[in-house]
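# A structural walkthrough
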Amino acid sequence: MSSATASALPSDLFDTTTLVSLAAAASIVVVAYAASRRVLPAATSTALRFLFVWHLADALCHFVLEGSFLYHCFFSYVEARAPAAAGLVASPFNFLGHGAARVYGPQAGGANPFAQLWMVYARADKRWGGVDLGVVSLELLTVFFDGPVALYVAYLIARKDPRASFWMIVLATCELYGGFMTFCPEWLVGNVNLDGSNFMYMWVYLVFFNMLWVFIPLYAVWYSYRDISHAFAVRASKKGQ
């Protein structure tokens, strides 16, 4: 890397807040894997253990991380005329019935650790710093529907309940639709809110973290389709006897 390129990189690319935020995200997977070792039999297949870990981590991510985003969108604010509002992204007019009097979102969360986490991600997608109505609407469904369903799927897998396959398809469909509706508005306007100017923003924040919710749900659909097809084949063979 040339010195000119290095100097162009943001000074906060690997600051303490960023490293703590990434560690917090990784800890969710560690907790989910530890839970799998505790509640799943040792003979559980690798595929099913992976799906258990994914759905439990998915639920925790929705509840803890995205839940914190919603909290700041609804409860963290500064008065629009206050000096602290300078430089913040204005909230949509009359958000929560306050006209233009308040500025909401993680950007108004001050030193709160979760607000700081979302402000790290907002360096790559600034919609997550304030209140974007499309994002908030999707996150409401994500936290209050996808989160409980993901937790329910993990429970069904732990119980060896065959209904897990059906609910995995339902959840995966929701996740894929949510991902499309998150980024399609940006594609249509030339990605004006996205910053892919460096490796961290482009390939870690925007690509890696979001593509997890594309490829793994697709895998869950494929696994569930095979499982359900096998069940129908077994039933058909019994009828033919």
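Because the structure is a prediction, the values reported are computed rather than measured. (Residues numbered from 1 in each chain as written. Predicted model: local features only at pLDDT ≥ 70, side-chain atom pairs only at ≥ 80, totals over all residues. Heavy atoms only, no water.)

### Observations concerning the overall build of the chain
This is how the line gets drawn: Helix and strand labels come from DSSP, where a helix needs a run of H or I of at least four residues and a strand needs a run of E of at least two; each type is numbered from the N terminus. Residue exposure (1.4 Å probe, protein chains only): buried if accessible area is under 20% of the type maximum, exposed if over 50%, otherwise partly exposed. In what follows, a contact means two residues having at least one pair of non-hydrogen atoms within 4.5 Å. To be clear on the numbers: accessible area is Shrake-Rupley with a 1.4 Å probe, and residue cover counts the displayed protein chains and nothing else. Just so you know, the count uses Lys and Arg for positive and Asp and Glu for negative, and it drops His and the chain ends. Just so you know, the charge point we use is NZ for Lys, CZ for Arg, CG for Asp and CD for Glu.
The helix and strand tally for the chain stands at seven helices and two strands. Overall, the chain shows an N-to-C arrangement of helices and strands of α-α-α-β-β-α-α-α-α. Principal axes of the C-alpha set define a box for the chain whose edges measure 80 × 50 × 35 Å. A total of 241 residues make up the chain; the buried ones form 39% of that total. When contacts within the chain are restricted to residue pairs at least 6 apart in sequence, long-range pairs at least 24 apart make up 70% of them. Surface exposure of the chain reaches about 13,500 Å², of which carbon and sulfur atoms provide 68%. One finds the centroid of the 15 positive side-chain charges in the chain at a distance of 15 Å from the centroid of its 14 negative side-chain charges.

### Digging into the UniProt feature "domain: EXPERA" (unreviewed entry) in the chain
Let me state the cut-off plainly: UniProt positions are given in the numbering used here, feature names are shortened, and annotations may be inferred rather than shown by experiment.
Per the UniProt record, "domain: EXPERA" (unreviewed entry) is found at residues 47-221. Between the first and last C-alpha atoms of residues 47-221 the distance is 13 Å; the span itself is 65% helix and 3% strand.

### Some details on helix α3 (residues 46-75)
Cut-off, in case you're wondering: How far a helix is expected to stretch is found by multiplying one less than its residue total by 1.5 Å. At every residue, the bend is computed as the angle between two fitted axes, covering the seven residues ending there and the seven beginning there respectively.
With 30 residues, α3 ought to run about 44 Å at 1.5 Å a step, and its terminal C-alpha atoms sit 42 Å apart, in line with that. A maximum bend of about 35 degrees is found in α3 at G67.

### A look at the packing of α3 against helix α7 (residues 199-239)
Put simply, the rule is: Angular values range over 0 to 180 degrees, each being the angle between N-to-C directions of two axes fitted as lines to C-alpha atoms, with helices fitted over their stretch in contact. Orientation is classified from the angle alone, with under 35 degrees giving roughly parallel, over 145 giving roughly antiparallel, 65 to 115 giving roughly perpendicular, and any other angle giving oblique. With the far helix as reference, a near helix turned anticlockwise by less than a right angle produces a left-handed crossing, and one turned clockwise produces a right-handed crossing.
At a closest axis distance of 11 Å, the pairing of α3 and α7 adopts a crossing angle of 135 degrees. When the interaxial angle is binned, α3 and α7 end up oblique. At the point where α3 passes α7, the crossing takes the left-handed sense. Where α3 approaches α7, its residues A47, L48, F50, L51, W54, H55, D58, C61 and H62 are matched on the opposing element by L212, W213, I216, P217, Y219, A220 and Y223.

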